[in-house]
Structures are given as C-alpha cells and as structure tokens.
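An overview of the molecular structure
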Amino acid sequence: MTEQVTKQMDLMGYLRAVWRRKWLLVIPVVVAGVAGAVTAQMLPPVYEAKSTVLVRVSDRLSEPLARLVGSSPIEGQLARLQEKAKSTSFLVELVRTLDIADDEAIQSWARGQHRKDPSVSVEELAESRAVSYLQPRISVVRTSSTGFKVVARDYEPERATLLAQHVTNAFVSASNREQLEDIRCIHDFSVEQLVIYKQKLNDAERQLRKFQESKISDSPVANPVNAQNVNRVDVLMSQAQVEGVDAAEASADRRVTLRSVAPAEFDMLVGLSSAKLQSESDQLISLEREVASVLVRSSSGGPEISSLYVSIAENKSQLRAEARGLARDSVAGLSMGIVNAYAELKVAEVEESMISERLSILQRFMWDYTQGRVSAPEEEMELTRLRQEVENNRALYEAFLGQSAAGQITEALEAVRAGGRFEIIEPPVRPTSPVAPDKPMIILLCLFGGLVVGLGIVLAAEQGDTSFKDVADIEATLGIPVVAIVPEAEIFHSIASKEKQLRRSGTKATGGDSMLLRYMVRETPISFEFRRLTRKLTKKNGGDIPKSILVTSSNRGEGKTTAAACLAITLAKHYGRRVALVDCDLRKPRLHMLMEVARSPGLTDALERGNLLGSDMRATALDNLFVVPSGTRQSEPTWLLESLPDSRVMSELLGSFDHVILDTAPNVAVPDALFLSGDIEGVIMVLRAGATPREVIMRGVQLQLEEKENVLGLIVSNLERVLPYYYDYRYYGYGASESQSTDESEEGQQHD
C-alpha cells in the first residue's frame, strides 16, 4: 500500500512539474507544429496512378517432368515482376521510350554534372538521373492470388498516368518476349534431356544385367535371427554396447599413455600407417563379422566361435608386431616403451572398430527380423538400388518423350515459366487528388516530436531546479515550521499591474485605501490563511501575538512586503489591534505603493530628526492601521537602520502601537534585517516556492538564526502551482466572496 501511494505521489509530482514549466512544454510543441505545417505546405503533391493485371494459370505438365523442371508459384512470379520493375535495363528502356531524360530539370542537372566530370556525356548522365528518378516511383504490388498492380507516382497527375500505362504495356511486352525465349530454351532443353536420359537408361539397364549375371548362382543368405534366439540377440547387442564403451575408454587411455611417454613424437606416431597394417586391421574386422553371425546361430562356447577367437588372437599378435616394426622403421631412436605403447594404441583402436562392426551387424540382423525379411545380404540391397535407378530413368525418358512436341512444351512453359497469360483488367486513370504528402500525419509527427523535446526540456529544467516545492521538505531541511502558505492569487497580479501603471504614468496614490486592504478585509483565501497565521503565533508565543515582528526573506521577489502588509491588516481588522506597518527596506521601498500612501516624510526623516511625528505616519482605510513609509531617500541606509533599535523612534512606535511590523530588505544581500532583529521579539521569513534556490534560502535562515534564535516561522508563497487545490477554499465550493473581487483581477507579476 505504501509503495502504491509513493508511485501516485511521484506521478503527481511530475504532473505538477510539467504544469509549473508548461511554457517550456508548450513552446516546443507550438514551434514543431508550425514547422510541420510549413513543411507539409511546402512539400509538392505526389499523384499515384495504377493498373491491375491478372495472371491466368493452367498447369499441364506431367508429374515426372514437373518434378524435374519445377513449378513457378504466384509468389515466385510476383518476386520476378518486382525485380524486373526495379531492374536498370527495364528502366532504361522505359526512359528511352518516354523520353524522360529530355526533361528540363534532368538536363540541367546533367549539364552541371558534365561540367564537373567531362568524361561522362550529358546524355548518359541524364539517362542515369532519369533511371534514379523512376526507380523509387515504380512498384509491383500483389492484390490477390492471381493478380497484381503496377503503381507509378509522380508530381504531375498526367505524367503519373502515362508512366503507369507505359510501364504496364512495356512490362507485358517484355514478359511476352521472355515467354518466347523461354519456349525456345525449353525446347532445346527437352531435346538435350531426351539424349541424356536415353543414355542414362541404357547404362542403368546394362549395370543391372551385369549384376544379375554375376550373382545368378548365389543363393540368399538366411537371416540367423529367429523367434528362438531373438532374446539372445538383444543380450548380445547390449553386451556389444557395453564393450564398445569400454573399448572407447581403453583407446583413449592408450592415447593418453602414448602422449605421456612420447610427447614430442606423438603427432608423428599417430599419423603413421601402412598397407600391411591396414590389411591386418581389415582382417580383424572381417573376423568380427563372422563372430557376430556365429554368436547369433550358436552359443558362445561352441567350437566354431572358439576357432574364430584363436584366429583373432593370432591376427592381433601380427598387428602388434607390424605396429612395432612400423614405429621403429619410421621414427629413429624410439625406446621399447614408446614402441609398445604405440602398438597397444593401434590394437585398442582396431578393437573399438571390431566391436562397433559387431554391433552394426547385430542391429542389421535384428532390423531385418523385425521387418519380416528372410535375408539381408548386401547384394540384395544393391539389386534393389539398380532396379530403382532403371525405373526412374525410364520414367523421365518417357516423360520427355511424351512432351517433346512443340505444342506441349509451349503449354508447359506458359503454365510454369512465363506465369500464364497476362490480362489488363483495369487500365490506369488520371488521379484527381494527391496521395502524398500526408499533411495531417506530418503535423501530428512534428507535434509529437515537439512534445518529446518539450518534456525533455521540462525534465532537464526540473533536475537543475534546486528550489523548495514541498512543505514537508522545507520543514525537514530548515528545521523551522511553516506558519502560513500563500497560494498564487489574482489579486497579486492586479496589484502588480496597477503599480506598473502608476510608475509609468508618474501618478502617486495617497488615499490609503489600497486594493490589497480592500481584498484582505473580506473573506478571501489569503485573509483566511493570515488569520490561521495569527492563531499559530498566539499559541507559539504563550497566548499572545509578539509586539514587534520583523518580516524578511533571503532574496528579492519572494513576497515579504506583501506578507508584512497582510499580517498588519489581519491584526488591525480581525483582532482590533493598533498596528504600525514600517517600511525598513530603504534601498528599494515598495510598501508606500502597495498601501497607496505617500512615500515621504517617513522613517528616514524621523531617524534624522531623532523623533517620530504624526506626519511620518500615514493613515489607511482601517482606523487602527498606520503605515510608516521609507521616507526621503538616504545615501547611507544601513547606518540609519543600525540606529533604529535603540532610537527614540522605535520607543515611540512600541509605545504608541500594540504591534509594530517591520518590512526589511533580504538578509543575504544586505545585513539590515540582522541589525534590526536583535531587539525584535520575533522574525518571520518569507520564501517563494519553486523559484529561489534552496542554497540561498538556507543561507538566509542560517544568518538569521546566528544573529538571534527568534525566528517564529516561515511563510511560503506561490504554492498554488506546486501544491494541491486544498489550499484554495473554492475547491470546496466556498467561492462566493472570492467572486466579488473578480472585477479587481488583472494580469501582472508579483513583486516585493
């Protein structure tokens, strides 16, 4: 269950990442779509003309001749047609028939190539270019078991039709010429084969007669296996198999022994052979054949088998003696141990062959018995082979003789070689609409490619983005609780748009009835979130909200000025407290524009004179909310702010108001917030999710904690894009109040 939830969260994380960076996805898709549309529009239309040809097949070959000559199925015919349609010779003939090489574009190309390589004529270059042009535009496609289509494509419909028509006619004509040529070849072939098979038949009959005459006096040898000794034969076969395995192992051991005693001479000794040695081996194998027959007919202890065993022992002795003499004569300086080892290896190899021969004879006897044969001599098998050869040659000779007539050969050729009779059942017609390019498909593929590229860019950007995007990650990394989450709202865009208009026109709003104030005094998502913030601060501070609160951030653009103003409005409106909102960001002040009050006189003027006057404070539409703007611009703002905590101005602010909210510059860029936070009861830091690198935020929090551990919590802004909708109460259907402010929503960007 945990794994399933994790996978779902990862999927949602990817979807949120795509939504955050949707323009990185949309732009490649749009560019690719436009490029695809332009490309599809620029590609010239391609027209297709085609004709349908039917093949009528009738097979009249006799069976023996069909086996010899072979048949040509429709698949083979289609393969030959396709190969012919792509062949250079066929295309050259087509180019010359249609004068395609005279096309102006082809001639222009040929002249340009001729200037580069004068060794090739313009005509040859043009013809080669025309063939290259036609090759991919002509194809033969099978449509049924006996039909195919000739397809031709071109940029002009008339030329495509003409091309298909001429290709079809030229192909049929060329095929007919091939048929006539094949008829002549088959006729010549049949005449040659009649002579050849007549000679083969005579030779086979002569060999059969000669064999029969030589074996006329021989009587068939009876199969020694019968119902009485069939079981003994099974036992003998099993014994032979076991002895064969032992003999193979003995032969391998003798080979190893010889290699060990004569490693240098081993290869030479193994390759030694002589006619006498081979004769002794053949005699032993012949004796073993007799042993197999005797073992089947009589018991193993009879006089006949004993005599054979004595002969085998004598021949083995002669084989050893011959092997020793051969080794000594062939390799000089061999020791007696090496000579004996070589002789034993030869005996072991012959014994292995003898046992193999015995097993083969026993198996043949058993096979003949199981097949019901009375005898199994080699002569009978040879006789059967010769008779079969005579019958085969006679059948082929008679087949060629029976079909040697010209008419029969022609019918056979038309049925088999030429593929039958061609019939054009659907001639080409002029195409009315192009078949290519497929513009919707091109655009679709480009859009898909743009989507893939866009997703790759989004994933790459997401991998390189080190900003915070999750509340749990923020709290776990920084060790500070998140006390408020401010989602992206239309009001912030509207405020930014209005400020831009005021700066552009040079108009100064001084009424104190700001757009943000009117938004926050109503029931809106942002006002609800800051009311939750004040409740958390009350619980965290032992039942009451700190009197002095400094609001700062690690970087510009994170929403600290807006957060400070929202906190002040919430305390004044919903808690009835007397609140002073002080702009301590003297380098880039914005609070006066956000609250729509005059900038000066203000804080810098009060610090210069050493006391706070009523003219330094601006009243707002809320009776108990006052704004102390930054005042007249100063050349040394840090020196002035450093004196604020111990100044009379700060004492008067704390004495006159229930709460003093200080908006300061980012603490990583300048130390203003650090100078002021030492005498402040609590500090709230603002960070913008999905924007500011976490290294910058971590540095700002570290600097603030090193100065004094009075950080109350974090306000996270811009979370509508990275967190679910439950941060927006409209998700639950409570959107009445929010809808009242839609008339104030305008496009823009959020600023400090």
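So, a nonpolar patch on the surface
A surface patch of nonpolar side chains, about 790 Å² in accessible area, is lined by Trp23, Val26, Ile27, Val30, Val31, Val34, Val38 and Met42. Mapped onto the secondary structure, valine 26 falls in helix H2 (residues 22-42).

Overview of the environment of leucine 43
Mapped onto the elements of the fold, leucine 43 is located in the loop between H2 and strand S1 (47-56). A residue is classified by how much of its surface remains accessible, and leucine 43, at 35% relative accessible area, is partly exposed. Linking leucine 43 and alanine 436, residues 393 residues apart in sequence, is a C-alpha distance of 8.9 Å. Beyond its immediate sequence surroundings of up to four residues, leucine 43 is in contact with Pro437 and Ile442.

Examining the confidence of the model for the chain
In low-pLDDT segments, the atomic positions of the prediction should not be examined closely. Residues with a pLDDT of 70 or more make up 81% of the chain, whose mean pLDDT is 79. Confidence over residues 1-9 falls short of pLDDT 50; this stretch has 0 contacts with residues more than four positions distant or in other chains. Contacts from residues 217-221, a stretch scored under 50 in pLDDT, to residues over four places away or in other chains number 4 contacts.

Re the sheet that holds strand S7 (residues 579-583)
Pairing is mixed across the open sheet formed by 8 strands, whose spatial order is S5-S12-S11-S6-S10-S7-S9-S8. Two strands close off the open sheet at either side, each with one partner strand: strand S5 (482-486) and strand S8 (618-619). Where S7 meets strand S10 (residues 659-663), 5 bridges bridge the pair, whose relative direction is parallel. By the bridge assignment, valine 579 is partnered in S10 with histidine 659. Strands S5, strand S11 (682-688) and strand S12 (711-717) of the sheet are contacted by helix H17 (residues 471-478), whose axis makes an angle of about 145° with S5. Contacting strand S6 (548-553), S7, strand S9 (625-628) and S10, helix H25 (residues 648-656) runs over the sheet at an angle of about 135° to S10.

A short note on the nonpolar core
Core analysis: the biggest nonpolar cluster contains 43 residues, and Leu258, Leu269, Leu334 and Tyr342 have the highest contact counts within it. Looking at this core element by element, the count peaks at 14 residues for helix H13 (residues 336-370). When near neighbours in sequence (up to four residues on either side) are disregarded, leucine 334 contacts Glu265, Leu269, Ala327 and Val339. In this structure, Ala489, Ile526, Ala565 and Val686 belong to the second largest nonpolar core, which totals 42 residues.

Quick notes on the rules
- Residues numbered from 1 in each chain as written.
- Predicted model: local features only at pLDDT ≥ 70, side-chain atom pairs only at ≥ 80, totals over all residues.
- Heavy atoms only, no water.
- Patch = residues over 30% accessible without salt bridge, like charges linked within 9 Å, V, L, I, M, F, W, Y side chains within 5 Å.
- Areas by Shrake-Rupley, 256 points an atom, 1.4 Å probe, with all protein chains shown as cover.
- Salt bridge = Lys/Arg side-chain N within 4 Å of Asp/Glu carboxyl O.
- Helix = DSSP H or I, 4+ residues; strand = E, 2+ residues; numbered from the N terminus.
- Buried < 20%, exposed > 50% of the residue type's maximum accessible area, 1.4 Å probe, protein only.
- Contact = heavy atoms within 4.5 Å.
- pLDDT = per-residue confidence, 0-100.
- Pairing = 2+ DSSP bridges.
- Axes fitted to C-alpha atoms, helices over the stretch in contact; angles between N-to-C directions.
- Core = buried A, V, L, I, M, F, W, Y, C linked by side-chain atoms within 4.5 Å.

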